[in-house]
Amino acid sequence: MNPISFVTQMIRIAIPYLFAASGGVVAERAGIVSLTLEGFMLSGAFAAVLGTNYSGSPWVGVLSGVLGGLIFALIHAVATIRYRADQVVVGVAINLLAIGVTRFFLKLFFASSSNSPRVAGFGGNINMAGFDNPLLWLGIIVAPVMAFVIYKTPFGLRVRAVGEHPDAAESVGVSVKRVRYAAVALSGMLAALGGVYLALDQHQFTDQMTAGRGFIAISAVIFGRWDPIRAALACLLFAAAETLQIQLQGSHAIPSQFIEMIPYALVIIALAGVVGRAIPPAALGRVED
Amino acid sequence: MISGAAPKSASVVPAIRMDGIDKSFGAIRANRGASVEVMPGEIHALVGENGAGKSTLMRILGGLMKPDSGHVEVNGRDVTGWSTNEAIAAGIGIVHQHFMLVPTLSVAENLVLGAEPKTRGIVLDYKHAADDVRKLSNETGLVIAPERLISDLSVGEAQRVEILKVLFRGARILVLDEPTAVLSPPEVRELWTVLRRLRDKGDTIVLITHRLDEVVEISNTITVMRAGQTVARVKTSATTPAEIARLMVGREVSLSAGKRVQPSGRPTGPPDKGLEARSLIVMGSRGIRVIDGVSFTVRPGEIFGIAGVEGNGQTELIEALAGLRPVFAGEILIDGADITRRSVAQRHDAGLSHIPEDRQRRGLILEYTVANNLILGVQKHFSSRGIIDSTRVMENAMQEISSFDIRPPNPVLTARSLSGGNQQKVVVAREMGREFSVLLASQPTRGVDVGAIEFIHQQLLDARAQGKAILLVSAELNEVLALSDRVAVMYRGKFAVVMPAAEASEEVLGEYMIGTKKGNTA
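Being a predicted model, the structure only gives us computed values, none of them experimental.

Asker: Looking at this structure, I do not really get the overall build of chain B. What am I missing?
Answerer: Helix and strand counts for chain B come out as 17 helices and 24 strands. Counting only C-alpha atoms and orienting by the principal axes, one finds that chain B spans roughly 70 × 50 × 45 Å. Taken across its 522 residues, chain B has 53% of its residues classed as buried. For chain B, long-range pairs separated by at least 24 residues make up 66% of all intrachain contacts whose partners lie at least 6 apart in sequence. Carbon and sulfur atoms form 51% of the exposed surface of chain B, whose accessible area is close to 22,100 Å². Positive and negative charge centroids in chain B, built from 61 and 60 side chains respectively, lie 2 Å apart.

Asker: Can you walk me through the sheet that holds strand β16 (residues 329–334) of chain B in this structure?
Answerer: Two orientations exist for strands paired in a sheet by backbone hydrogen bonds: parallel and antiparallel. All names here are of chain B. Taken together, four strands build an open sheet; the order of strands is β14-β13-β16-β17 and the sheet is antiparallel. Whereas interior strands pair on both sides, the edge strands pair on one side only; in this sheet they are β14 (289–298) and β17 (337–338). With seven bridges connecting them, strand β13 (residues 275–283) and β14 associate as antiparallel partners. Looking across to β14, one finds that L280 is bridged to V294. Contacts from helix α9 (residues 314–322) reach β13, β14 and β16, with the element oriented near 65° to β14.

Asker: In this structure, what is going on with the packing of helix α2 (residues 37–55) of chain A against helix α4 (residues 87–110) of chain A? I would like to understand it.
Answerer: Describing two packed helices takes the angle between their axes plus the distance from one axis to the other. Residue and element names in this part refer to chain A. Interaxial distance between α2 and α4 falls to 8 Å at its minimum, and their mutual angle equals 20°. The orientation of α2 with respect to α4, classified from their angle, is roughly parallel. Relative to α4, α2 is oriented so that their crossing is left-handed. Residue-level contacts link E38, G39, F40, L42, S43, F46, V49, L50, N53 and Y54 of α2 to I94, N95, A98, I99, T102, F105, L106, F109 and F110 of α4. Its residues assigned to classes, the contact of α2 with α4 comprises 13 nonpolar, five polar and one charged.

Asker: Sorry, what's going on with the sheet that holds strand β23 (residues 486–491) of chain B here?
Answerer: Residue and element names in this part refer to chain B. On the basis of which strands lie adjacent, the open sheet formed by six strands has the order β18-β21-β22-β15-β23-β24 and mixed pairing. Across the chains shown, the open sheet's two edge strands, defined by having one partner strand only, are β18 (352–355) and β24 (494–500). The sheet shows a mean angle of 15° between the axes of neighbouring strands, taken without regard to direction. Relative to β24, β23 runs antiparallel, the two sharing six bridges.

Asker: Whenever I open this one, the packing of aromatic side chains confuses me. Can you help?
Answerer: In this description, an aromatic ring pair is defined by two values, namely the gap between the centres and the angle between the planes. Counting across every chain of the model gives 14 aromatic pairs over all chains. Taking the centre distance of 5.1 Å and the plane angle of 90° together, the rings of F46(A) and F205(A) count as edge-to-face. Residue F46(A) is located in helix α2, and its partner F205(A) is located in the loop between α8 (176–202) and α9 (213–223); the two are separated by 159 residues in the primary sequence. Looking at F46(A), the relative accessible area reads 5%, which means it is buried. Chaining the aromatic ring pairs together yields one cluster made of F46(A), Y54(A), F104(A), F105(A), F109(A), F110(A) and F205(A). In this structure, K468(B) is placed above the aromatic ring of F436(B), and the distance from its NZ or CZ to the ring centre is 4.7 Å.

Asker: Explanation requested: helix α5 (residues 134–152) of chain A in the structure shown.
Answerer: Along an α-helix, residues three or four positions apart point the same way, because every turn accommodates 3.6 residues. Residue and element names in this part refer to chain A. The terminal C-alpha atoms of α5 lie 26 Å apart, and with 19 residues this matches the ideal 27 Å at 1.5 Å per residue to within 8%. Bending of α5 peaks at approximately 40° at the position of V142, with proline P144 no more than four residues after it. Listed in full, the buried residues belonging to α5 are L135, L136, G139, V142, A143, M146, A147, V149 and I150. Next to the buried residues of α5 lie α1 (3–29), α3 (58–82), α6 (154–164), α8 and α10 (228–247). Among the residues of α5, the N-terminal cap falls to N133, whose side-chain oxygen and the backbone nitrogen of L135 are separated by 2.9 Å.

Asker: When you look at the packing of α5(A) against α6(A) in this model, what are you seeing that I'm missing?
Answerer: Residues and elements named next belong to chain A. Two elements in contact, α5 and α6, have axes separated by 5 Å at closest approach and are oriented at 75°. Classified by the angle between their axes, α5 and α6 sit roughly perpendicular to one another. Counting all contacts with α5, which are made through V149, I150, Y151 and K152, the residues of α6 involved are P154, F155, G156, L157 and R160. For the contact of α5 with α6, the per-class residue count stands at six nonpolar, one polar and two charged.

Asker: When you look at the pairing of strand β12 (residues 229–235) of chain B in this model, what are you seeing that I'm missing?
Answerer: Residues and elements named next belong to chain B. With five of seven residues buried, β12 is to be regarded as a mostly interior element. Where strand β11 (residues 221–226) meets β12, six bridges bridge the pair, whose relative direction is antiparallel. Residue pairing in the sheet places V224 in a bridge with A232 of β12.

Asker: What's the story with a nonpolar patch on the surface in this structure? I'm lost.
Answerer: All names here are of chain A. Nonpolar side chains collect at one region of the surface, where Y54, F104, F105, L108 and F109 lie side by side and expose about 530 Å² of accessible area between them. Residue contributions to the nonpolar patch peak at four residues, all from α4. Mapped onto the fold, L108 is located in helix α4. By relative accessible area, which is 54% here, L108 ends up exposed.

Asker: Mind showing me how you'd approach the domain arrangement of chain B here?
Answerer: Size of an interface: often given as the accessible area lost when the parts come together. Residue and element names in this part refer to chain B. Along its sequence, chain B is organised into domain 1 (1–91 + 172–248), domain 2 (98–171), domain 3 (257–351 + 467–522) and domain 4 (352–434). Each of domain 1 and domain 2 has a C-alpha centre, and these two points are 26 Å apart. Taken together, the 16 residues of domain 1 in the interface contact 15 residues of domain 2. With both sides pooled, the region where domain 1 packs onto domain 2 buries about 1,100 Å², and carbon together with sulfur makes up 64% of that total. Our count for the domain 1 to domain 2 interface comes out at one salt bridge. In this structure, E190 engages R160 in a salt bridge whose closest nitrogen and oxygen atoms are separated by 3.5 Å. On inspection of domain 1 and its partner domain 2, the count reaches four residue pairs in polar contact (both at pLDDT 80 or more). Those elements that provide at least two residues to the side of domain 1 that touches domain 2 are β9 (173–177) and α6 (185–200).

What counts, and at which threshold
- Residues numbered from 1 in each chain as written.
- Chains lettered and ligands numbered in written order.
- Predicted model: local features only at pLDDT ≥ 70, side-chain atom pairs only at ≥ 80, totals over all residues.
- Heavy atoms only, no water.
- Helix = DSSP H or I, 4+ residues; strand = E, 2+ residues; numbered from the N terminus.
- Buried < 20%, exposed > 50% of the residue type's maximum accessible area, 1.4 Å probe, protein only.
- Contact = heavy atoms within 4.5 Å.
- Areas by Shrake-Rupley, 256 points an atom, 1.4 Å probe, with all protein chains shown as cover.
- Lys, Arg positive; Asp, Glu negative; His and termini not counted.
- Charge placed at Lys NZ, Arg CZ, Asp CG, Glu CD.
- Pairing = 2+ DSSP bridges.
- Axes fitted to C-alpha atoms, helices over the stretch in contact; angles between N-to-C directions.
- Parallel < 35°, antiparallel > 145°, perpendicular 65-115°, else oblique.
- Left-handed = near helix turned anticlockwise from the far one by under 90°.
- Nonpolar A, V, L, I, M, F, W, Y, C, P; charged D, E, K, R; others polar.
- Phe/Tyr/Trp six-rings, centres within 6.5 Å; stacked < 30°, edge-to-face > 60°.
- Lys NZ or Arg CZ within 6 Å of the ring centre and 35° of its normal.
- Expected span 1.5 Å × (residues − 1).
- Bend = angle between axes of the 7 residues up to and from the residue.
- Polar contact = N/O pair within 3.5 Å; in protein donor to acceptor, adjacent residues only side chain to side chain.
- Patch = residues over 30% accessible without salt bridge, like charges linked within 9 Å, V, L, I, M, F, W, Y side chains within 5 Å.
- Salt bridge = Lys/Arg side-chain N within 4 Å of Asp/Glu carboxyl O.
- Domains from an automatic or database assignment.
- Buried area = accessible area lost by both parts, 1.4 Å probe.

Listed below in structure tokens is the structure:
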């Protein structure tokens, strides 16, 4: 196994996780459950392909993809913040809605029930192994940037306060609702970038192409104990397990099914509290009056 | 002196003037034409029983809710129905009873939240924030390190941060809601010093409390509330605790928390009966010893009181004794029988009764009727072949309602619809209405009005006279002192001292409560 090809492949696999997990961290730190990452990613992926297809420019695709994630995030925010719906129930609904909506528009715009036509993407130089893609570099820096936002800016301080003790934040004049709207919107846009990367990297949209990556990202958020950097490291760990599984295909030393289980097994171990106890933001998922 | 509207002072504009305030929550009228007038530079006590409408009135002042009718003036300006931010901007600072601090943030972060200093446009300026906190600390004498996490602070320190927080926002009118409820006596004295210092530099302070000794000690003027109305406004120097109590309750009340039936130190029941704990060790949720080698006995006919600042292991001790928390090491005996590994139900059968500290969480099922709450845990005595006999349940309810004076006397109301005091009476009725030899009474009068306190205290004393062994845990030091034969002080999971109540005083116990003194625990 070539270590350089292992690392480059791992990073490419990790990018969608890194975007989505960063989005998950910011929403959950504000107290909103992020079961929706999968739906945000999927809508972002489709909107990116749509935008790229009609403009010919992947940059327009990035913008439309982010917009797609934002729209779904706002639906989620209005339902859970304004109408105080249960965040888990709405989250599941958002994910199902994203599958249905993308499938519907796939049929409408591209007359297909499985995939879009090929669209433009970034980079493509075979010698660069995907590292000539600006989205990849954005994905690499997104976690440190979000760590800065959460720990070093007034917005981040408010996000943390709102997710831990919304009454305290409200009592000093911080609008809990406004902070949560902003956090969910940011989360939708970040997660959408994960989907955008995925779609443009494959130069097309395929039905349900995110294939559970949003849920892996949520696991990384929990595994990383709601810290952007630790969550990013968890993303890399999961990506490494996946890379290992791909590279071990064909070798019969370990059945690949077992290797495929590694990320999920890690999540269960993490949630069971083996690797330090995960203490979520105190107000996570709580419906505010 | 007794009037709806407060008298108008001729020359000085009141710092706060609230006039004819009405506020309803559904069918409950929290404020009914309440009027308060607070002069600048005074400490004004707002007293009344729980549910009298004090907090509602102050929440209206702070812009947290809007009055249905009535006027609010601050420094002569009509500010009726203003917002939280407007109130903060006008210098109103409310120190809430339940701390409004984010436990995972530092002191400085909590202080600047909502008004953060910035550098380069978007970056939070931590250094600036910490410097501001230190400066304010020095000015006020409220010393606290800005970088400490709130979750690492003691309750007294957290309260210091609360006060700093409102001062940081430029508050000149401070409202403190039951500030001493969670403090030890030395911390209370420290708070008084701070409040006097603030008053002397011209700040106005409103103190919400139901503790009369505090009112008399610290305030200049008193407004008494009862059932949503302001019933009196008096100069502190011109009144007495007895008069204030009468105004609060609307009738004469006995202020000493129950009389001793017998002097302490009298011979108690046989030593092998009652409750005994031997070298008890209990682990907390974080894997540390929250109870670290505690031994004691409570004999029949004795009340053994445990005092201490909350969070020193009292909750866990009671839970371990009641069977709600596993015992790591040591033994628990009831009437000589080892029950350490017994279930809650088996302990009940062995004669253990338990009045839990949190009636809403552990004591009652709020959605159940009073009648059903009264048979929780003893339901098998009210059923035959697995079916509950509702006639007997109702008979039992009517009997307990009358003997424990539960109001309103309606067994089919849900527990939720009762006042705190009456909810507590339901718990007390259930736990003391059945056969028992040992009673764990944890915060038995917390959040209960003066009348119900009197009643519950009498129940405890009666049970003691009947030869029950009673373990009393209370945050109210005077309650522990008045009822107990012997008292212990819990400090960091151990008994700092055990002594006859006759030799104890608030001052003496206070020293042990904050750990400055250690003593004999035999």
